[in-house]
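What follows is each chain in one-letter form.
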4 protein chains.
Amino acid sequence: MTRQVAVCGPADCTRTDAANAHRVGELLAERGAVVICGGGTGVMAAVAAGARAKGGLVIGIRPGDSAAGACPDLSATIVTNMGEARNAVIVASADAVISIGGSWGTLSEVALAMRRGDIPVVALGGWHVVAADGTPVGGIHHAGTPEEAVDRALA
Amino acid sequence: MTRQVAVCGPADCTRTDAANAHRVGELLAERGAVVICGGGTGVMAAVAAGARAKGGLVIGIRPGDSAAGACPDLSATIVTNMGEARNAVIVASADAVISIGGSWGTLSEVALAMRRGDIPVVALGGWHVVAADGTPVGGIHHAGTPEEAVDRALA
Amino acid sequence: MTRQVAVCGPADCTRTDAANAHRVGELLAERGAVVICGGGTGVMAAVAAGARAKGGLVIGIRPGDSAAGACPDLSATIVTNMGEARNAVIVASADAVISIGGSWGTLSEVALAMRRGDIPVVALGGWHVVAADGTPVGGIHHAGTPEEAVDRALA
Amino acid sequence: MTRQVAVCGPADCTRTDAANAHRVGELLAERGAVVICGGGTGVMAAVAAGARAKGGLVIGIRPGDSAAGACPDLSATIVTNMGEARNAVIVASADAVISIGGSWGTLSEVALAMRRGDIPVVALGGWHVVAADGTPVGGIHHAGTPEEAVDRALA
């Protein structure tokens, strides 16, 4: 069965994040995975553009009540009209989650994915979660490159 | 922009409903529309099969917490894990709604679509909504054939 | 355990609907049931006012992203930010559903309640659902008075 | 208007977390705030027990399709049937969020609350969010006592 990989990241991202997201989109499309994303700007738009450049299928899951503001490279647009609760739908639809860059919305998706407990969660850049004494909370794989992130997601 | 048409109907449908759904799926795919459906059995499976037979894109929006039970002809599967609230997501994602056959779940989708008030709602078979004195409540277009239903939805 | 009864109806309702809703709220509060409603105007505001007049607990489940526009007699306001998908939450939270008056939003709640299949669904006024030949689709109890509606809901 | 404070924390929490949650519940009830929680075990049950001990109103927002498994001290139980997407409803309903202890579900609620950007977010114990170089990501107020947490939430 086709694998579906959610790629999450800030709407207002760095140039490095956008380049990483574009490359992740290319790699996922080349390997036949469907890309699920939030369908907005920043990392969402970049991963969609990368995947479409390689002929991939990209589904954008939008928070508002219309497709307005959706990025241009989506194969289909799911309009949830459920605000940030749509982050839970993105995560529930994924066989793996890759986060690129840090933001509170992105962190909510990473946390919801770890809460599921049954799928790979890979971070490329972005924030870290630590205990009060500074020791990392385990479970997220922090990848160094788009290639490593996609390899782990599809392992 | 690509139009997205939701096709709703019973998981346990009649043979006529299934045939109508298959034909609606074919027609929508031929006209380049993305089909949104609930991704289950009955009308959902039939419209997906029809659309895929013509090379169309079909997105299934599932109520449970996994893709288990999804019909085989989906291009992508959105796992909402929100039960019948997913009916609202199907409707919110649509530029038009076609219902085929009658069931309470189907009626909830028709009602949510009419509640939106800004998209065509077309019924092919199924139930009717009337006032206490038996006069029809207006707004839904009752079509006689798959061709008429699709014409109205894409008008 | 305390019973929770959802009372649904149009935001823009008739005077009869409002009077019925107020009386239903009084009766439910007198019998110790928690009232769940949409927390808006019309039937929602009337049932809340009736219940609060008798010291009852009323929870309003709102569609938007804030409590703005909520009716004044709520004990607590749940802000779903999920639009009409909140109708599914109202229904899922109920041990019985009473609809008062007719509207598409109200019908979506009745249909979702019938879809559940495991709770009483009582209608006081409002629309009817019929097959193509005009025969009623069974399952909804059409009550003639607020007292009968509450009796059936709590039976 | 009555303030509503969401209290979030692990279903499987430490004794310190439970004691803190009980005290936070007492303090919120004494100050007239409605407590919103997930309605389960651990921190959720403890904050509900504390609030009810002081006569407060506590609403539990459950992830499943029934009230089964809800903690005993709820004034009302909202059954969302939307899994962890209910975390977004908890956060959307709050005028302030207090997290007690660390878990991925809890972190998703903290992240969604920070994503809102318009309410106080207070942590009592639990995890920290840092950038790649270990510097804290700002915005969450880390409180040392239940009293400080409630003061900040209601400030």
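Everything discussed here concerns the structure shown above.
Rules behind the numbers
Just so you know, the residues in each chain are numbered from 1, in the order the chain's sequence is written. Think of it this way: whatever chain is written first is A, whatever ligand is written first is 1, and the rest follow in order. Thresholds applied to this predicted model are a pLDDT of at least 70 for local features of residues and 80 or more for the giving and counting of side-chain atom pairs; totals over whole chains, interfaces and linings are not thresholded and use all residues. For the side-chain quantities, the full set of heavy atoms in the structure was used; hydrogens and water were omitted. Should any heavy atoms of two residues lie within 4.5 Å, those residues are considered in contact. When two parts are brought into contact, each loses some accessible area as probed by a 1.4 Å sphere; the total of that loss over both is the buried area. Whenever two N or O atoms come within 3.5 Å, that pair is a polar contact, provided that in protein one can donate a hydrogen and the other can accept it, and provided that, for residues adjacent in sequence, both atoms are side-chain atoms. Strands here are runs of E lasting at least two residues and helices are runs of H or I lasting at least four, both read from the DSSP assignment and numbered beginning at the N terminus. By convention a nonpolar core is built from buried Ala, Val, Leu, Ile, Met, Phe, Trp, Tyr and Cys residues, the set being connected through side-chain atoms within 4.5 Å. Classification of residues uses two cut-offs on accessible area relative to the type maximum, computed with a 1.4 Å probe and protein chains only: under 20% is buried, over 50% is exposed, and between them is partly exposed. Only residues with pLDDT of at least 70 in both copies count here: their C-alpha atoms drive the least-squares fit that superposes the copies. Axes, fitted as lines to C-alpha atoms, cover a helix only where it is in contact. Angles between the N-to-C directions of the axes lie from 0 to 180 degrees. Convention used here: angles under 35 degrees read as roughly parallel, angles over 145 as roughly antiparallel, angles from 65 to 115 as roughly perpendicular, and any remaining angle as oblique. Definitions for this section: a left-handed crossing has its near helix turned counterclockwise from the far helix by less than a right angle. A right-handed crossing has that turn clockwise. Classification convention: Asp, Glu, Lys, Arg as charged; Ala, Val, Leu, Ile, Met, Phe, Trp, Tyr, Cys, Pro as nonpolar; all other residues, Gly among them, as polar. Note on pairing: two strands pair once DSSP finds at least 2 bridges between them. By this rule the span expected of a helix is its residue count minus one, scaled by 1.5 Å. Criterion for a salt bridge: a side-chain nitrogen of Lys or Arg within 4 Å of a carboxyl oxygen of Asp or Glu. A pocket, in this scheme, is an open set of points on a 1 Å grid over the protein atoms alone with protein on both sides within 12 Å along at least 5 of 7 lines, while a cavity is a set where a 1.4 Å probe fits but cannot get out; residues line either one if an atom lies within 4 Å of a point. Grid points are joined across faces, edges and corners, and a volume is the space filled by probe spheres set on the points.

Caption draft 1: Broad picture of the interface of chain A and chain B. Taken together, the contact between chain A and chain B spans 18 residues of the former and 18 residues of the latter. Carbon and sulfur atoms make up 68% of the area that chain A and chain B hide from each other, which totals about 1400 Å². Across the chain A-chain B interface, the total number found is four residue pairs in polar contact (both at pLDDT 80 or more). Counting residues per element, the side of chain A that touches chain B draws most heavily on strand E4 (residues 76-79) of chain A, which supplies four residues.

Caption draft 2: Main features of the nonpolar core. Among the nonpolar cores identified, the biggest contains 119 residues, and Ile 59 of chain A, Ile 59 of chain B together with Ile 59 of chain C are the most heavily contacted of them. Other than its neighbours up to four places away in sequence, Ile 59 of chain C contacts Val 34, Val 35, Ile 36, Cys 37, Leu 74, Ala 76 and Ile 78 of chain C together with Ile 59, Ala 76 and Ile 78 of chain D.

Caption draft 3: Seen up close, the relation of the copies chain A and chain B. Laying chain A over chain B is done by rotating through 180° and shifting 0.0 Å along the axis; what remains is an RMSD of 0.0 Å. One copy is carried onto the other by what is essentially a two-fold rotation axis. Here 100% of the interface residues in chain A have copies in chain B that are interface residues too; the copies meet face to matching face.

Caption draft 4: Summary view of the packing of helix H1 (residues 15-30) of chain A against helix H5 (residues 146-154) of chain A. All names here are of chain A. The N-to-C vectors of H1 and H5 enclose an angle of 45°; their axes lie 9 Å apart at closest approach. On the basis of the axis angle, H1 is oblique to H5. Crossing hand, H1 versus H5: right-handed. Packed against H1, whose contacting residues are Asn 20, Arg 23, Val 24, Leu 27 and Leu 28, the element H5 presents Pro 146, Glu 147, Val 150 and Leu 154 at the interface. Grouping the constituent residues of the contact of H1 with H5 by class yields six nonpolar, one polar and two charged.

Caption draft 5: Spatial organisation of the sheet that holds strand E2 (residues 34-37) of chain A. Residue and element names in this part refer to chain A. An order of E4-E3-E2-E1-E5-E6-E8 is seen for the seven strands of this open sheet, with the pairing classed as parallel. Strands at the two margins of the open sheet, each flanked by one partner only, are E4 and strand E8 (141-143). The average undirected angle you get between the axes of adjacent strands in this sheet is 25°. Pairing between strand E1 (residues 4-8) and strand E5 (residues 96-100): four bridges, direction parallel. Each bridged residue has a counterpart across the sheet, and for Val 7 the counterpart in E5 is Ile 98. Helix-sheet contacts for H1 involve E1, E2, E5 and strand E6 (121-124), and the interaxial angle to E5 is about 155°.

Caption draft 6: Examining helix H4 (residues 104-116) of chain A more closely. Residues and elements named next belong to chain A. End to end, H4 covers 18 Å across 13 residues, agreeing with the expected 18 Å (1.5 Å per residue, within 8%). Along H4, 11 of the 13 residues are buried, which leaves the element largely enclosed by surrounding structure. Among the residues trailing H4, Gly 117 stands out with phi positive, at a value near 80°.

Caption draft 7: Inspection of the relation of the copies chain A and chain D at higher detail. Least-squares fitting of chain A to chain D yields an RMSD of 0.0 Å, with the superposition described by an axial translation of 0.0 Å and a rotation of 180°. When the interface residues of chain A are mapped onto chain D, 100% of them again fall at the interface, so both copies present the same face.

Caption draft 8: Summary view of the interface of chain A and chain D. Chain A puts 23 residues into the contact, and the matching count from chain D is 23 residues. Between chain A and chain D, roughly 2000 Å² of surface is buried when both sides are summed, and carbon and sulfur atoms account for 78% of that area. Contact with chain D buries area across many residues of chain A, yet Trp 104, Arg 115 and His 128 of chain A alone supply 30% of it, more than any other trio. Viewed at the interface, chain D and chain A are joined by two salt bridges. Put simply, Arg 115 of chain A and Glu 84 of chain D hold a salt bridge, and the shortest N to O gap is 3.2 Å. Counting across the interface, chain A meets chain D through four residue pairs in polar contact (both at pLDDT 80 or more). Looking at the side of chain A that touches chain D, the elements that each hand over two or more residues are helix H3 (86-92), H4 and strand E7 (128-130) of chain A. For the side of chain A that touches chain D, the leading source of residues is H4 of chain A, giving eight residues. Class assignment for the residues of the side of chain A that touches chain D results in 15 nonpolar, six polar and two charged. Bridging between E7 of chain A and strand E7 (residues 128-130) of chain D involves three bridges; their strand directions are antiparallel. Directly across from Val 129 of chain A, in E7 of chain D, lies its bridge partner Val 129 of chain D.

Caption draft 9: How the structure looks around the side chain of Thr 106 of chain C. Residue and element names in this part refer to chain C. Residue placement: Thr 106 occurs in helix H4 (residues 104-116). Look at Thr 106 and you get buried, because its relative accessible area is 2%. Leave out the neighbours within four places in its chain, and Thr 106 touches Cys 8, Gly 9, Pro 10, Ser 99 and Gly 101.

Caption draft 10: Spatial organisation of the layout of surface pockets. There is about 460 Å³ of room inside the largest pocket. As for the largest pocket, its lining consists of 25 residues, of which Val 91, Ala 92 and Arg 116 of chain C together with Asp 65 and Val 79 of chain D are closest to the centre. The set of elements that each furnish at least two residues to the lining of the largest pocket consists of helix H3 (86-92) and H4 of chain C together with strand E4 (76-79) of chain D.

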